[in-house]
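# Coordinates in review
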Amino acid sequence: KQEVTQIPAALSVPEGENLVLNCSFTDSAIYNLQWFRQDPGKGLTSLLLIQSSQREQTSGRLNASLDKSSGRSTLYIAASQPGDSATYLCAVRTGNQFYFGTGTSLTVIP
Amino acid sequence: DTAVSQTPKYLVTQMGNDKSIKCEQNLGHDTMYWYKQDSKKFLKIMFSYNNKELIINETVPNRFSPKSPDKAHLNLHINSLELGDSAVYFCASSQYQPGQRLEKLFFGSGTQLSVL
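Since we're looking at a predicted model, the values are computed, not measured.

### Let's talk about the interface of chain A and chain B
In this assembly, 23 residues from chain A lie in contact with 24 residues from chain B. Taken together, both faces of the contact between chain A and chain B bury some 2,000 Å²; the carbon and sulfur share is 53%. Our enumeration of links across chain A and chain B arrives at one salt bridge. Among the ionic pairs, B:Glu103 bridges to A:Arg93, the shortest N-O distance being 3.3 Å. Taken together, the connections running from chain A to chain B amount to six residue pairs in polar contact (both at pLDDT 80 or more). Looking at the side of chain A that touches chain B, the elements with two or more residues in it are strand 4 (32-38), strand 5 (44-51), strand 9 (86-94) and strand 10 (97-100) of chain A. Residue classes in the side of chain A that touches chain B are distributed as seven nonpolar, 14 polar and two charged.

Written out as structure tokens, the structure reads:
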């Protein structure tokens, strides 16, 4: 069964710093990997989707990479802002399901 | 227009009651899901329907019964509510893509269920 882990569980950085969130998965037979953002009391908003055949995707200050063979993905956030504070989750599509990581709670300090 | 909408947003009820959560998507997707998010933010799949047919039914007490009247709606009915049912329940939808590499999940805003 697919297991997805995110490290660190929580991260606090000063505004302006670049940061990296990590996501690892145990079964490399994935179709895609999605990064989501969740604000308190809200649903999940999709940030980036990387297909299994791709190595990275970029959207604005966000860059997600995928190394399928080693079961890893990273989400790079450049020039962090207080508005980036949220919980970030990754999810992999394996078989007929999406499997979610445990999330990283990010706080960007002004 | 909200793509995936679920109601109510908050649900506070007594143990033993029966309650329902409704979900609708206007994205034209053919697959809908119910997820449960616990206090540690972990999301666990409960059910998945594709074109009104149940395709995923995880180990969930049979007090939980999903109903899909059409492919745009997936409701969740819960009988005899227990304290441990308190959580946030999310509805989501996706559209099957050949090869599945482009299949993307869209979420509703969640229903906070509190059982007293």
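### Digging into the sheet that holds strand 1 (residues 4-7) of chain B
All names here are of chain B. Reading across from one edge, 1-3-8-7 is the order of the four strands in this open sheet, with antiparallel pairing throughout. The open sheet terminates on both sides in strands that have one partner only, identified here as strand 1 and strand 7 (64-70). On average, adjacent strands in this sheet sit at an angle of 15° to one another, irrespective of strand direction. As paired strands, strand 7 and strand 8 (residues 73-78) are joined by five bridges and run antiparallel to one another. Counted as the bridge partner of Phe64 is Ile78 from strand 8.

### Considerations on the packing of aromatic side chains
For the coordinates displayed, the defined rule picks out nine aromatic pairs over all chains. Consider the rings of A:Phe98 and B:Tyr33, whose centres lie 5.9 Å apart with planes at 80°: the pair is edge-to-face. Residue A:Phe98 is found in strand 10, and its partner B:Tyr33 is found in strand 4 (residues 31-37); the two belong to separate chains. Summarising the burial analysis for this pair, A:Phe98 and B:Tyr33 share the class buried. On the numbers, 5.7 Å between centres and 45° between planes, the contact of B:Tyr35 with B:Phe107 is tilted. Within this pair, whereas B:Tyr35 is found in strand 4, its partner B:Phe107 is found in strand 10 (residues 106-107), the two being separated by 72 residues in sequence. Judged by its relative accessible area of 10%, B:Phe107 is buried. In this structure an aromatic cluster arises from ring pairing among A:Phe36, A:Phe98, A:Phe100, B:Tyr33, B:Tyr35, B:Phe90 and B:Phe107. The ring of A:Phe98 carries A:Arg93 above its face, with NZ or CZ at 4.7 Å from the centroid.

Reading guide: rules and limits
- Residues numbered from 1 in each chain as written.
- Chains lettered and ligands numbered in written order.
- Predicted model: local features only at pLDDT ≥ 70, side-chain atom pairs only at ≥ 80, totals over all residues.
- Heavy atoms only, no water.
- Contact = heavy atoms within 4.5 Å.
- Buried area = accessible area lost by both parts, 1.4 Å probe.
- Salt bridge = Lys/Arg side-chain N within 4 Å of Asp/Glu carboxyl O.
- Polar contact = N/O pair within 3.5 Å; in protein donor to acceptor, adjacent residues only side chain to side chain.
- Helix = DSSP H or I, 4+ residues; strand = E, 2+ residues; numbered from the N terminus.
- Nonpolar A, V, L, I, M, F, W, Y, C, P; charged D, E, K, R; others polar.
- Pairing = 2+ DSSP bridges.
- Axes fitted to C-alpha atoms, helices over the stretch in contact; angles between N-to-C directions.
- Phe/Tyr/Trp six-rings, centres within 6.5 Å; stacked < 30°, edge-to-face > 60°.
- Buried < 20%, exposed > 50% of the residue type's maximum accessible area, 1.4 Å probe, protein only.
- Lys NZ or Arg CZ within 6 Å of the ring centre and 35° of its normal.

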